[in-house]
Amino acid sequence: MTRGDTVWARVYYRNATGEELRPVLTLMGPGGRTVELHCAPAAHDEPGICETPRVPASGPPGSVTAVAEFAGAGPVEEAPLLLRAGSERAPGARG
């Protein structure tokens with residue numbers, strides 16, 4: 001997401017499983033700059049939002065990407081990765 005010279009990442013979710021999920025939302029910018037947020041979604045069927053803090057843009061438009069990962073319950077090393085989704089530049093975009 002962008003507004004003016006500010007960028008942030010946002011993911012919408014709905015946890016209809018009733019089980020614990022561990023989402024991580026990562027915003028990656030040029031020069032290795034990264035913002036990572038561990039969300040705590042409730043285990044019910046209500047829609048929710050996870051959003052990183054807004055940070056100043058540090059590169060040209062389109063130089064920032066975001067990745068959302070949802071893992072299942074259990075020890076971090078053993079938890080199954082259930083979903084990984086990332087932003088992608090539009091075809092023909094420059095930056």
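For the structure itself, look to the data block above.
If you're wondering where the values come from, they're calculated on a predicted model, not measured in any experiment. (Residues numbered from 1 in each chain as written. Predicted model: local features only at pLDDT ≥ 70, side-chain atom pairs only at ≥ 80, totals over all residues. Heavy atoms only, no water.)

Peer 1: So, the side chain of Thr26: which residues are in play, and what are the values?
Peer 2: Here Thr26 is to be found in strand E4 (residues 22–28). A residue is classified by how much of its surface remains accessible, and Thr26, at 12% relative accessible area, is buried. Aside from chain neighbours lying at most four places away, what touches Thr26 is Thr34, Val35, Glu36, Thr65, Ala66 and Val67. (Helix = DSSP H or I, 4+ residues; strand = E, 2+ residues; numbered from the N terminus. Buried < 20%, exposed > 50% of the residue type's maximum accessible area, 1.4 Å probe, protein only. Contact = heavy atoms within 4.5 Å.)

Peer 1: Requested: an account of the pairing of strand E6 (residues 47–51), with residues and values cited.
Peer 2: Every second residue of E6 is oriented toward a common face, the buried set being Gly48 and Cys50 and the non-buried set Pro47, Ile49 and Glu51. Both strand E3 (residues 10–14) and E6 contribute to a ladder of 5 bridges, which runs antiparallel. Its bridge partner lying in E6, Tyr12 is registered against Ile49. (Pairing = 2+ DSSP bridges.)

Peer 1: Let's hear about the nonpolar core: which residues, and what values?
Peer 2: Counting 12 residues, the largest nonpolar core is built from Val7, Ala9, Val11, Tyr13, Leu21, Leu25, Leu27, Cys39, Cys50, Ala66, Ala68 and Phe70. Tallying contributions element by element places strand E8 (residues 65–71) first for this core, with 3 residues. (Core = buried A, V, L, I, M, F, W, Y, C linked by side-chain atoms within 4.5 Å.)

Peer 1: Just give me the short version of the sheet that holds strand E9 (residues 81–86), but keep the residues and values in it.
Peer 2: Spatially, 4 strands are ordered E5-E4-E8-E9 in an open sheet, and the strand pairing comes out antiparallel. Single-partner strands in this sheet number two, and they are strand E5 (34–38) and E9. Taken pair by pair, the neighbouring strands of this sheet meet at an average axis angle of 15°, ignoring direction. Two elements, E4 and E8, share 7 bridges in a ladder whose sense is antiparallel. Note on E8: the bridge partner recorded for Pro23 is Phe70. (Axes fitted to C-alpha atoms, helices over the stretch in contact; angles between N-to-C directions.)

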